[in-house]
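Residues per chain, in single letters:
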Amino acid sequence: MCETPRQVVLLECNIDDMTGEALGYAMERLFEAGALDAWFTAIQMKKNRPGTLLSVLCRPEEADKLAEAMLRETTTLGIRRRMVERIIAEREVTSVETSWGTVHIKVKRVNGERVSIKPEFEDCAALARAYGLPLEHVQQAALKAFEQLND
C-alpha cells in the first residue's frame, strides 16, 4: 500500500504562559533543530485556563535533542514522550516549466497509483510575486504543465 511504517517519537507538552509570538519562535527553533513536524492545539487546562498543546514529531535518534530544545525554548517544565508508527504515502518530487519559471510538483501515490499532485507553494508564491500575478494563476499553470507532460 504505502511505504513500510516508520517509528517516530511524539513529544508533547502543555503550555499556558507564553505569547503567540514566543510560541511561533519556539516552533521555528524546533524545525531548525530537526523536527519532522510540529503543531499547536488549543486546550483547556486546570483552573479553567486556556492553554496550548505543543506536539513535535521527530526521528528516535533526535528525540533527546528536540526535548531539550522544547525545554529551553518554552516555559514547560516537562515533556511527554512516546513512540508512534507513521505510515507514509509513496511520493516523488518533479519539476515543470511555466511561462514564468520552474515549479516543483509533489506527486502522491498509493499502491503505485497517482492520487494527487500539488505544486510547491513557495515556488508558485515566488513567481506570483515576481511577475505580479495571482497565486492561483501560477498554480494552475504548473498543474497544466504537469498534466501535459504526463498524459
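For the structure, check the block above.
The present account deals with the structure reproduced in this document.

This part takes up the sheet that holds strand E7 (residues 113-119). In space, the three strands of this open sheet follow the order E5-E6-E7, with antiparallel pairing throughout. The open sheet has two edge strands, strand E5 (90-98) and E7, and neither has a second partner. In this sheet, neighbouring strand axes are inclined to one another by 30° on average, regardless of whether the strands run parallel or antiparallel. The sheet contact formed by E5 and strand E6 (residues 101-110) spans nine bridges and is antiparallel. Note on E6: the bridge partner recorded for Thr98 is Gly101. The sheet contacts of helix H3 (residues 121-131) involve E5, E6 and E7, and relative to E6 the element is tilted by about 155°.

On to the environment of Asn14, then. The topology assignment puts Asn14 in strand E1 (residues 6-15). Separated by 105 residues in sequence, Asn14 and Pro119 place their C-alpha atoms 35 Å apart. Those residues in contact with Asn14, other than ones at most four positions away along the chain, are Ile43, Met45, Thr52, Leu53, Thr76 and Arg80. Engagement of the side chain of Asn14 in a polar contact is seen with the side chain of Arg80, the distance being 3.0 Å.

Rules of the game
Residues numbered from 1 in each chain as written. Predicted model: local features only at pLDDT ≥ 70, side-chain atom pairs only at ≥ 80, totals over all residues. Heavy atoms only, no water. Pairing = 2+ DSSP bridges. Helix = DSSP H or I, 4+ residues; strand = E, 2+ residues; numbered from the N terminus. Axes fitted to C-alpha atoms, helices over the stretch in contact; angles between N-to-C directions. Contact = heavy atoms within 4.5 Å. Polar contact = N/O pair within 3.5 Å; in protein donor to acceptor, adjacent residues only side chain to side chain.

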